[in-house]
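# Summary of the model geometry
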Amino acid sequence: MSNKAKIEVEGKTYEYPILEGTRGPKVVDIRSFFKDTGMFTYDPGFTSTASCESKITFIDGAKGELRYRGERIEELVKKHNYLEICYLLLNDRLPSKEEAEAFDNEIRHRSFVDEGMKKLFEAFPRSAHPMAMLSSAVSALSAFYFDHVKIEDEAEYDEMAKRIIAKIPTLAAMAYRRNLGIPVIYPDIDRYFTENFLYMMRAYPGGKFHRQPGKKAPTTIKEVEIRALDTIFSLHADHEQNASTTTVRSVASTGAHPYAAISAGIDALWGRAHGGANESVIAQLELIGDVKNVEKFIAKAKDPNDDFKLMGFGHRVYKNFDPRARILKQLQDELKEELNLDSKLMEIASKIEEIALNDDYFISRKLYPNIDFYSGVILTALQIPKNMFTPIFVIGRTVGWITQWIEFKKDKTSKIARPRQLYTGK
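Before going into details, it helps to say that this report is about the structure given with it. Position numbers for residues start from 1 in each chain and track the written sequence from start to end. The model is predicted, so local features are restricted to residues of pLDDT at least 70 and side-chain atom pairs to those at 80 or more, both for listing and for counting; the totals for chains, interfaces and linings are taken over all residues. No hydrogens and no water enter the side-chain calculation; it runs on all heavy atoms of the structure.

On to a nonpolar patch on the surface, then. Distance thresholds for patches are 9 Å for like charges and 5 Å for nonpolar side chains (Val, Leu, Ile, Met, Phe, Trp, Tyr), applied to residues having over 30% relative accessible area and no salt bridge. The method behind every accessible area is Shrake-Rupley, applied with a 1.4 Å probe, and residues are considered shielded solely by the protein chains displayed. A pairing counts as a salt bridge when a side-chain nitrogen of Lys or Arg comes within 4 Å of a carboxyl oxygen of Asp or Glu. A cluster of nonpolar side chains, namely Phe 112, Tyr 186 and Ile 189, defines an oily patch on the protein surface of about 260 Å² accessible area. Among the structural elements, Tyr 186 can be located in the loop between helix H7 (154-180) and helix H8 (193-202). Each residue is assigned to one of three classes by its accessible area relative to the maximum for its type, calculated with a 1.4 Å probe on protein chains only: buried under 20%, partly exposed between the two thresholds, exposed over 50%. Exposure remark for Tyr 186: the relative accessible area of 41% places this residue in the partly exposed category. Each helix is a run of DSSP H or I of at least 4 residues and each strand a run of E of at least 2, with the numbering of both proceeding from the N terminus.

As structure tokens, this is what we get:
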């Protein structure tokens, strides 16, 4: 069997190596194609193009499979917390008990940000979207830690990565509190990563929590809430070469500061077609308003002359059930009572799911519920407003972005991103 692909162009035949990874489709190495033929390849959206070689995350869309460093996502979220999964992505192995404790402890102590950052948030209007503030704040971190622009050894890579993972939840909480016009709450090093984020969102000076009228003030954050949000962070930790990760790698290729690359990734994630999708799911459930209206909106989604799209269904890569969606669906069912999920939103979502999973229109197009369909309902139960859904995504994905940045920088064959074009102008 030949390990080369033959491509005929205008009567001449050229041969290109076929490369084989440990999983997934083989690829044709066409790096010399332009030099050989004087032609470019044309692939808008990179639907058939491998932009890099990576050892981090693998997706099989046809099987509905997702693996971090070879480990199945279903097993990881069952046995490990988010920070242990961060360690896996950064180090290509799961930590020992001692390593996990040391990693956790360092993340806790690195979670504080320079006091000067408070002035940055104060400069934003209270109406600013948290993603705008978060992107700006992460970009500003490159001024506070400019030494990361040139990294020379493993210890520096490690410090840079831990620093951004630790500070992202603090910056996200600061953006949230700026929207409310209330004082910033500093991290509490006695709290685990996910609990600490909820604490920084909910607490008031003195460590007290928000009290609803007529109800006793809570004294702690429920374990079930920590578990639910930790699972969401874990499911978002990395997702191969998606739009925002490709953006991070592209900015990395220019030699820009790693935190500038992360800031660009945040901007890419903000889009409604990417990280902003779960925000759109809840907005759409609220628009539908009642279970009796579901069939009318399903009909609109199927009407080729109607611009309405059913949010939370279908995925660019998964042509089967999104494995992350399966996990969240199970978690949602398990924690329905404990999380006090919104029964009306749940009823509408369940009806949509029931119809879509049994309708030939959706089945034939492989439009299965994705992670956004379920995460929004859970985040709503955690009293997190819609405009904070995408910052939650950022918190989870930061470890993936920085791991991808490190992998790119260490790749001796990497080059500056410079796609070609098919020019059709004058």
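Here a strand pair is declared whenever DSSP counts at least two bridges between the two strands. Taken in spatial order, the three strands make up an open sheet running S4-S5-S6, and their pairing is antiparallel. Looking at the sheet topology across the chains shown, the edges are occupied by strand S4 (57-60) and strand S6 (71-72). Sheet analysis places S4 next to strand S5 (residues 65-68), joined by four bridges and oriented antiparallel. In the sheet register, Ile 59 faces S5, and the bridge partner there is Leu 66.

Among the secondary structure elements, Met 131 is positioned in helix H6 (residues 130-144). Since its relative accessible area comes to 0%, Met 131 is described here as buried. Met 131 sits 112 residues away from Ala 243 along the chain, and the two C-alpha atoms are 17 Å apart. Setting aside anything within four residues of it in sequence, one finds Met 131 in contact with Ile 266, Leu 269, Trp 270, Thr 390, Pro 391 and Val 394. By the convention used here, residues are in contact when the closest approach between their heavy atoms is within 4.5 Å.

Spatial strand order, S1-S2-S3: three strands in an open sheet with antiparallel pairing. Here the strands that pair on one side only, and so sit at the sheet edges, are strand S1 (4-9) and strand S3 (27-28). Direction of pairing for strand S2 (residues 12-19) relative to S3: antiparallel, over a ladder of two bridges. By the bridge assignment for S3, Leu 19 is matched with Val 27.

As enumerated under the stated definition, the model contains 28 salt bridges in all. Between Arg 191 and Asp 188 there is a salt bridge; the shortest N-O distance is 3.0 Å. The buried category is assigned to Arg 191, whose relative accessible area is 14%. Measuring nitrogen to oxygen at the nearest pair gives 2.9 Å for the salt bridge that ties Glu 225 to Arg 202. Within this pair, whereas Glu 225 is found in helix H9 (residues 223-235), its partner Arg 202 is found in helix H8, the two being separated by 23 residues in sequence. Across the pair, exposure class does not vary: Glu 225 and Arg 202 are buried alike.

Multiplying one less than the number of residues by 1.5 Å gives the expected span of a helix. When the terminal C-alpha atoms of helix H4 (residues 97-109) are compared, their 19 Å separation across 13 residues agrees well with the 18 Å that a helix rising 1.5 Å per residue should span. When we look at burial in H4, the residues that qualify are Ala 100, Phe 103, Asp 104, Ile 107 and Arg 108. Buried residues of H4 fall within an arc of 135° about the axis and therefore sit on the same side. In the core, the buried residues of H4 are packed alongside helix H3 (82-91), H7 and H8. Arc definition: directions from the helix axis to the C-beta atoms.

Right, let's talk about the packing of helix H11 (residues 258-269) against helix H18 (residues 389-410) for a bit. Axis angle and axis distance: for two packed helices, these are the angle between their axes and the distance between the axes, and together they describe the pair. Packing of H11 against H18 brings their axes to within 10 Å, and their N-to-C directions diverge by 135°. Relative to H18, the element H11 is oriented oblique. Remark: the crossing between H11 and H18 carries right-handed chirality. For the pair H11 and H18, contact is made by Pro 258, Ala 261, Ile 262, Gly 265, Ile 266 and Leu 269 and by Thr 390, Phe 393, Val 394, Trp 401, Ile 402 and Trp 405, respectively. Only Asp, Glu, Lys and Arg are considered charged, only Ala, Val, Leu, Ile, Met, Phe, Trp, Tyr, Cys and Pro nonpolar, and every remaining residue, Gly among them, polar. Taken together, the residues of the contact of H11 with H18 break down into ten nonpolar, two polar and no charged. Axis definition: a line fitted to C-alpha atoms, over the contacting stretch in the case of helices. Angles run 0 to 180 degrees between N-to-C directions. Here roughly perpendicular refers to angles of 65 to 115 degrees, roughly parallel to angles under 35, roughly antiparallel to angles over 145, and oblique to all remaining angles. For any pair of crossing helices, the crossing counts as left-handed if the nearer helix is rotated counterclockwise from the farther one by less than a right angle, and right-handed if it is rotated clockwise.

So, on to the nonpolar core. Among buried residues, the Ala, Val, Leu, Ile, Met, Phe, Trp, Tyr and Cys ones that are joined through side-chain atoms within 4.5 Å form a nonpolar core. Judged by nonpolar contacts, the single largest core of 115 residues is most densely connected at Leu 171, Phe 197, Ile 352 and Trp 405. Looking at which element gives the most residues to this core, the answer is H7, with 13 residues. When neighbours within four sequence positions are excluded, Trp 405 is seen to be in contact with Ile 151, Tyr 157, Met 160, Val 248, Ala 252, Ala 256, Pro 258 and Ala 261.

A few words now on the state of the cysteines. Each disulfide consists of a covalent bond between the sulfur atoms of two cysteine residues. When the sulfur atoms of two cysteines come within 2.5 Å, that pair is taken as a disulfide. Inspection of every chain in the model, using the stated rule, returns zero disulfides. Sulfur of Cys 52: no disulfide; nearest cysteine sulfur belongs to Cys 86 and is 20 Å away. Its relative accessible area of 0% is what places Cys 86 among the buried residues.

Inspection of the sheet shows S1 paired to S2 by six bridges, in the antiparallel sense. Across the sheet, Ile 7 pairs through a bridge with Tyr 14, a residue of S2.

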